[in-house]
Amino acid sequence: MLENTARPSQPPPPSAHRRVRQADLPAEQLSALEPVPKGRLAGCVLALLLGGWMLAVPVVLIDRLKDSPGTTAGVLSVVVVACAVVTAGLGGFRFFNPRDERKPLRLSLSAALTASIAAGAASALVPEYGVLLVIPAVFAGIPALGLLVRDARAG
C-alpha cells in the first residue's frame with residue numbers, strides 16, 4: 001500500500017497570532033493619537049521656507065558676491081548658507097515627525113531659527129544682499145520662532 005505522503009493540513013493559528021482588526025476590539029482598547037498642534041506645523045513650514053529662501057539667495061547672487069571687495073560678503077554668505085541648511089533640515093525633520101517630543105530637537109530648531117534671523121538681519125549690512133534676506137527673516141522667521149516657542153511652552 002502506498003502511504004499518503006502529502007503534508008497533513010495545518011491547524012488554524014492560535015488566536016494570539018490571528019490578525020486583529022480594529023473593528024474587533026472593544027472601545028476601551030482603541031487609542032487615538034492626539035492631534036498635532038497646528039502652530040507647530042505652521043512654525044516648521046515657515047522655518048523650512050525661510051531656510052530654503054536663505055539657501056537660494058546666495059546661490060543666485062554668487063556673481064555679485066564674488067566681485068565684492070573684502071571678505072565680509074564671503075564670510076556672511078558662509079554663515080547664511082550654514083544657518084539656512086540647519087534651519088531647513090531641522091524644520092523639515094520636525095515637520096515630518098511632528099509627534100517627536102524630544103526637548104533638544106525643539107531647542108535646536110529654535111536656536112537655528114534665531115541664528116537665521118540674525119544672519120538675515122546682518123545681511124542688510126552687505127550692499128549686495130540688500131533686503132533680500134531681511135524681509136523674509138522678519139515676516140517668516142519671527143512668526144515661526146513665536147509659534148515654536150509657544151508650542152514648546154505648551155508642551
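It should be noted that the structure appears before, not after, this text.
Okay, so let's go over this structure. (Residues numbered from 1 in each chain as written. Predicted model: local features only at pLDDT ≥ 70, side-chain atom pairs only at ≥ 80, totals over all residues. Heavy atoms only, no water.)

When its secondary structure is counted, the protein chain shows five helices and zero strands. Shown N-terminal to C-terminal, the secondary structure of the protein chain runs as helices and strands in the order α-α-α-α-α. Counting the 155 residues in the protein chain, one finds 32% classified as buried. Counted over contacts in the protein chain with a minimum sequence separation of 6, partners at least 24 positions apart contribute 77%. Element-wise, carbon and sulfur atoms account for 66% of the exposed surface of the protein chain, whose accessible area totals about 10500 Å². (Helix = DSSP H or I, 4+ residues; strand = E, 2+ residues; numbered from the N terminus. Buried < 20%, exposed > 50% of the residue type's maximum accessible area, 1.4 Å probe, protein only. Contact = heavy atoms within 4.5 Å. Areas by Shrake-Rupley, 256 points an atom, 1.4 Å probe, with all protein chains shown as cover.)

Moving on, we come to the pattern of salt bridges. Going through the model one piece at a time under the given rule, you end up with six salt bridges. Salt-bridge contacts for Arg-94 lead to Asp-151; the nearest nitrogen and oxygen are separated by 3.8 Å. Placement of the pair is Arg-94 in helix α3 (residues 72–96) and Asp-151 in helix α5 (residues 134–154), with a sequence separation of 57 residues. Neither residue differs from the other here; Arg-94 and Asp-151 are each classed as buried. Residues joined in a network through salt bridges with shared partners are Arg-40, Arg-94, Glu-101, Arg-106 and Asp-151. (Salt bridge = Lys/Arg side-chain N within 4 Å of Asp/Glu carboxyl O.)

Met-54, Val-80, Leu-109, Leu-113, Tyr-129 and Leu-133 are the most contacted members of the largest nonpolar core, which totals 23 residues. Looking at this core, the elements with two or more residues in it are α1 (38–60), α3, α4 (103–122) and α5. The greatest single-element share of this core, amounting to six residues, is contributed by α3. Apart from the residues within four sequence positions on either side, Leu-133 is in contact with Trp-53, Met-54, Val-57, Val-80, Gly-120 and Ser-123. (Core = buried A, V, L, I, M, F, W, Y, C linked by side-chain atoms within 4.5 Å.)

One pass over the full model with this rule turns up one aromatic pair. Both rings, one in Phe-95 and one in Phe-96, keep their centres 5.1 Å apart while their planes meet at 80°; by these two values the pair is edge-to-face. You can call Phe-96 exposed: its relative accessible area is 64%. (Phe/Tyr/Trp six-rings, centres within 6.5 Å; stacked < 30°, edge-to-face > 60°.)

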